[in-house]
Amino acid sequence: MSEKIGRNDPCHCGSGLKLKRCHGDFVKIEVAGRAYQEKFNELIELEKSKPGLIGELAKESAEKFVELPLKTK
């Protein structure tokens, strides 16, 4: 298991700056992208095992979204 790097730790590039001031945003984007890719791969495997399931889930989600009440001022 890798050691967790904090925002206030020195940046991995060797600049001497804190991670949050140097490559902090890049790290957030990279981690978010990796999580998105993992979830996408899970959905692809799910679709392979049960064709049509993703479409059904999307339709159900859309129907629930339409049923939500709208906020008014």
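As a starting point, this report considers the structure included with it. (Residues numbered from 1 in each chain as written. Predicted model: local features only at pLDDT ≥ 70, side-chain atom pairs only at ≥ 80, totals over all residues. Heavy atoms only, no water.)

1. Looking at a positive patch on the surface
Using the following cut-off: Only residues above 30% relative accessible area that lack a salt bridge enter a patch, with like-charged residues linked at up to 9 Å and the nonpolar side chains Val, Leu, Ile, Met, Phe, Trp and Tyr linked at up to 5 Å. Values of accessible area rely on a 1.4 Å probe in the Shrake-Rupley scheme; residue burial ignores everything except the protein chains shown. Note on definitions: salt bridges are taken to be side-chain nitrogens of Lys or Arg within 4 Å of carboxyl oxygens of Asp or Glu. Charge assignment in this entry is limited to Lys and Arg as positive and Asp and Glu as negative, and neither His nor the chain termini are counted. Every charge is mapped to an atom, namely NZ of Lys, CZ of Arg, CG of Asp or CD of Glu. Counting from the N terminus, the helices are the DSSP runs of H or I reaching at least four residues and the strands are the DSSP runs of E reaching at least two. With a 1.4 Å probe rolled over the protein chains alone, any residue whose accessible area is under 20% of its type maximum counts as buried; one over 50% counts as exposed, and the rest are partly exposed.
Residues R7, K18, K20 and R21 make up a contiguous surface patch of positive charge. Tracing the backbone through its elements, the reader meets K20 in the segment before α1 (24-49). The class for K20 is partly exposed, based on a relative accessible area of 30%.

2. A few points about the packing of aromatic side chains
Counted only if it meets this: Any two of the Phe, Tyr and Trp rings considered here, Trp counted by its six-membered ring, make a pair once their centres fall within 6.5 Å; the pair's planes then place it as stacked at under 30 degrees, edge-to-face at over 60, or tilted in between.
Counted according to the given criterion, the structure contains one aromatic pair. For the ring pair Y36 and F40, a centre distance of 6.4 Å and an interplane angle of 15° mean the geometry is stacked. Of this pair, Y36 and F40 both sit in helix α1, four residues apart, which is roughly one turn of that helix. The exposed category is assigned to Y36, whose relative accessible area is 58%.

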